[in-house]
Amino acid sequence: SNVERTFAMIKPDGVRRGLVGEIIKRYEQKGLRIVAAKLIKADRNTVEEHYSDLRSRSFFNELVEYILSGPIMVMILEGENAIKLVRMINGATRVEEALPGTIRGDYATSTAQNIVHGSDNYENAQREINLWFPELRTNETRKLSVL
Ligand code: DAT
Ligand code: MG
């Protein structure tokens, strides 16, 4: 088995549009367990660090401003192949490629504002969990101080 943890975010348009319950329902329906979750107003430094690999892209500033535009829900999800599973449930990045049945396919109306985020690999999952949940940091992320 490959039980692992990943980081997911409901972006400001997801919260603004009242989709928090719908989105969490989809994760839970597929067997993912919520390890931690909080509704927060993000800090600029954290958002820039989160998307640091996109710093050179033309849409970087627009992306950061968008994430800062309202409350977001950040969470740690756990389950079998959780990293890949969350990205499957979220759907493709580009609005015209996000298939019906995925969160983005069903709700996103633009690529820039695409409702949800999920870590794309194990290393980034650990990095993003530690970045957004500093209060849970321990020497080893596998020993997060939560159930
Ligand atoms: P993902 O969120 O699917 O992992 P990513 O990491 O490539 O996609 O990009 C992060 C976010 O940046 C993405 O969710 C939306 C935004 N974005 C990506 N490509 C974009 C583009 N060409 N124009 C505007 N925003 C874009
Ligand atoms: Mg990404």
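Up top you'll find the structure we're talking about.
Residues numbered from 1 in each chain as written. Chains lettered and ligands numbered in written order. Predicted model: local features only at pLDDT ≥ 70, side-chain atom pairs only at ≥ 80, totals over all residues. Heavy atoms only, no water.

1. Considering the site of ligand 1
Around ligand 1 sit Lys11, Tyr51, Leu54, Phe59, Leu63, Arg87, Thr93, Arg104, Thr111, Ala112 and Asn114, and those are all the residues in its vicinity. One of the side-chain N or O atoms of Arg87 is found 3.0 Å from an oxygen atom in ligand 1. At 2.9 Å, a side-chain N or O of Asn114 approaches an oxygen atom of ligand 1. Grouping the constituent residues of the shell around ligand 1 by class yields five nonpolar, three polar and three charged. (Near = heavy atom within 4 Å. Polar contact = N/O pair within 3.5 Å; in protein donor to acceptor, adjacent residues only side chain to side chain. Nonpolar A, V, L, I, M, F, W, Y, C, P; charged D, E, K, R; others polar.)

2. Considering the pairing of strand β1 (residues 3–10)
For β1, the tally of buried residues reaches seven of eight residues, placing the bulk of the element in the interior. When β1 meets strand β3 (residues 72–80), the two strands line up antiparallel, connected through eight bridges. Its bridge partner lying in β3, Phe7 is registered against Ile76. Note: β1 against strand β4 (residues 116–118), three bridges, orientation antiparallel. Across the sheet, Met9 pairs through a bridge with His117, a residue of β4. (Buried < 20%, exposed > 50% of the residue type's maximum accessible area, 1.4 Å probe, protein only. Helix = DSSP H or I, 4+ residues; strand = E, 2+ residues; numbered from the N terminus. Pairing = 2+ DSSP bridges.)

3. Here we look at helix α7 (residues 122–132)
Since there are 3.6 residues in each turn of an α-helix, residues three or four apart along the chain are aligned in direction. Taking burial as the measure, the eleven residues of α7 include eight buried ones, the bulk of the element. Buried within α7 we find Asn124, Ala125, Gln126, Glu128, Ile129, Asn130, Leu131 and Trp132. Residues of α7 that are buried sit in contact with β1, β2 (33–40), α3 (44–50), β3, α5 (82–90) and β4. (Contact = heavy atoms within 4.5 Å.)

4. What to know about the sheet that holds β2
One open sheet accounts for four strands, arranged β2-β3-β1-β4; its pairing is antiparallel. Bordering the open sheet on either side are β2 and β4, each of which pairs with just one other strand. Across the sheet, the mean angle from the axis of one strand to that of its neighbour is 20°, orientation sign disregarded. Packing against the sheet, helix α2 (residues 20–29) makes contact with β1, β2, β3 and β4, and its axis sits at approximately 10° to β3. (Axes fitted to C-alpha atoms, helices over the stretch in contact; angles between N-to-C directions.)

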